[in-house]
Amino acid sequence: MDLQIAQQTFIVCGATSGFGHATAKALLKEGATVIGIARHTDKLKKLAEIHKQNFIPLTGDLTTQKTIDEVASEARKHDIDGILINSAGPPAKSFAETRIEDWDTAYQNLLRWKVDLTQKLIPHFTKKEYGRIVYIESASVKQPIENLVLSTSIRLAVVGMMKTLSQEISGQNITVNTIAPGSHETPAIERLIKKKSETDGISYDDARQKMINNIPAKKMGDPEKLGTLAAWLLSPLSEFVTGQVYALEGGNVKSTL
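Residues numbered from 1 in each chain as written. Predicted model: local features only at pLDDT ≥ 70, side-chain atom pairs only at ≥ 80, totals over all residues. Heavy atoms only, no water.

## Digging into the pattern of salt bridges
Basically, it comes down to this: By definition here, a salt bridge exists when the distance from a side-chain nitrogen of Lys or Arg to a carboxyl oxygen of Asp or Glu is within 4 Å. Strands are runs of DSSP state E lasting at least two residues, helices are runs of H or I lasting at least four, and both sets are numbered from the N terminus onward. Partly exposed residues are those whose accessible area sits between 20% and 50% of the maximum for their type, while under 20% is buried and over 50% is exposed, using a 1.4 Å probe and protein chains only.
For the structure shown, the criterion picks out 14 salt bridges. Between glutamate 224 and lysine 25 there is a salt bridge, and its shortest N-O distance comes to 2.5 Å. Taken together, the positions of glutamate 224 in helix 8 (residues 223–233) and lysine 25 in helix 1 (residues 18–29) put the pair 199 residues apart, joining distant regions of the chain. Note on glutamate 224: relative accessible area 43%, which makes it partly exposed.

## Concerning the pairing of strand 3 (residues 55–59)
As a reminder, the rule being used: Pairing between two strands requires that DSSP report at least two bridges joining them. Every crossover in which the path from the first strand over the helix to the second runs clockwise, viewed with the strands pointing away from the viewer, is termed right-handed.
Here five bridges tie strand 2 (residues 33–38) to strand 3, and the two strands are oriented parallel to one another. Among the inter-strand pairings, isoleucine 37 is bridged to a residue of strand 3, identified as leucine 58. Following the chain from strand 2 across helix 2 (residues 41–51) to the adjacent parallel strand 3, one finds a crossover that is right-handed.

## Side note on the packing of helix 1 against helix 8
Rule in force here: Helix axes are fitted to C-alpha atoms over the stretch in contact, other axes to C-alpha atoms as well, and angles between N-to-C directions run from 0 to 180 degrees. Relative orientations are named as follows: roughly parallel for angles under 35 degrees, roughly antiparallel for angles over 145 degrees, roughly perpendicular for angles from 65 to 115 degrees, and oblique for any other angle. Should the near helix be turned anticlockwise from the far one by less than a right angle, the crossing is termed left-handed; should it be turned clockwise, right-handed. The contact criterion used throughout is that any non-hydrogen atoms of two residues lie within 4.5 Å.
Where helix 1 contacts helix 8, the two axes come as close as 7 Å, and the packing angle between them is 60°. It follows that helix 1 is oblique to helix 8 by the angle criterion. Crossing geometry of helix 1 relative to helix 8 is assigned as right-handed. Residues Phe19, Ala22, Thr23, Lys25, Ala26 and Leu27 of helix 1 form the contact with helix 8, whose participating residues are Pro223, Glu224, Leu226, Gly227, Thr228, Ala230 and Ala231.

## Description of unusual backbone geometry
For aspartate 79, which is not glycine, the phi torsion reads 50° and is therefore positive. As for its position among the elements, aspartate 79 is in the loop between helix 3 (65–77) and strand 4 (82–85). The class of aspartate 79 is partly exposed, set by a relative accessible area of 39%. Despite not being glycine, lysine 218 has its phi angle at roughly 60°, a positive value. Within the secondary structure layout, lysine 218 lies in the loop between helix 7 (204–213) and helix 8.

## Remarks on the side chain of threonine 9
Looking at where threonine 9 falls in the secondary structure, it is placed in strand 1 (residues 9–13). When residues no more than four places from it in sequence are discounted, the contact partners of threonine 9 are Thr33, Ile35, His78, Ile80, Asp81 and Gly82.

## Some words on the packing of helix 4 (residues 100–128) against helix 5 (residues 149–168)
Quick note on the threshold: Any residue that is not Ala, Val, Leu, Ile, Met, Phe, Trp, Tyr, Cys, Pro, Asp, Glu, Lys or Arg is counted as polar, Gly included; the first ten are nonpolar and the last four charged.
One way to put it is that helix 4 packs onto helix 5 with a least axis distance of 9 Å and a crossing angle of 20°. Put simply, helix 4 runs roughly parallel to helix 5. The crossing of helix 4 and helix 5 is right-handed. Contacts between helix 4 and helix 5 involve Asp102, Trp103, Ala106, Tyr107, Leu110, Leu111, Lys114, Val115, Thr118 and Ile122 on the former and, on the latter, Val149, Leu150, Ser151, Ser153, Ile154, Arg155, Ala157, Val158, Met161 and Leu165. Of the residues belonging to the contact of helix 4 with helix 5, the class tally is 14 nonpolar, three polar and three charged.

## Details of the sheet that holds strand 2
Strands sit in the order 3-2-1-4-5-6-7 across an open sheet of seven strands; the sheet is parallel. In this open sheet, the two strands that pair with only one neighbour each are strand 3 and strand 7 (245–248). Shown here is a sheet whose adjacent strand axes are inclined to one another by a mean of 15°, direction ignored. Bridge analysis of strand 5 (residues 131–136) against strand 6 (residues 174–181) gives six bridges, and the strand direction is parallel. Bridge pairing in strand 6 places tyrosine 135 opposite threonine 178. Helix 1 contacts strand 1, strand 2, strand 3, strand 4, strand 5 and strand 6 of the sheet and is inclined by roughly 165° relative to strand 1.

## Focus: the environment of lysine 52
For clarity, the cut-off: In protein, a polar contact requires one atom able to donate a hydrogen and another able to accept it; more generally it is a pair of N or O atoms within 3.5 Å, and residues adjacent in sequence count only if both atoms are side-chain atoms.
Mapping lysine 52 onto the fold places it in the loop between helix 2 and strand 3. Here the alpha-carbon distance between lysine 52 and threonine 33, two residues 19 residues apart in the chain, equals 9.9 Å. Separated by 3.0 Å, the side chain of lysine 52 and the backbone oxygen of glutamate 49 make a polar contact.

Next up, the structure:
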């Protein structure tokens, strides 16, 4: 399928690992230009060496004002068509294990910078009369996941913001959607497996297998396949889809919505 993005430019947050990397690869495979943001300069350089002029590296921490402003500037400079807004999750903890400082940090790392960056990009998309915004959150926004109280709570706020925004900017060819992954073969799953191992008093391998056994699909998800969905949502083909949350979790979520 031709996603019609060969002449388009996208920003991908967290482009060197996990879902961000998978999405960047999917976009680049379609011939798009990707501005990749990550904290590790060496990994960004490797991507730039492979993809030449189609990949523009930007080193930075998206929780800082400096990087947010730089990303907004790059968006205007390169006249971007869409953005994948994506970040690492907070520590795996139960509610009883959290301290108020954990909540403050989770707000900074999962919500605040996304609101700030989105506010800075909306005028660009409005002027362009076109735009695609996709957030990567978690299946915990559909159904709480054990030991993920920080992620569940703060990511739900992102979804609430996303849904409201999609209504406010409707009719301008700007779409806003969320992908909510369950357990996938990414570095982020490691913290959940380790937590499961500690909580249940079992080995890491046993905790991993127990997690897989609890997934109806009986396997972890492939991040590269999620990347293809993100690429489609970022493409012109998704023009009639906005304000939606797509759970990719192998059947774990029992909700009908």
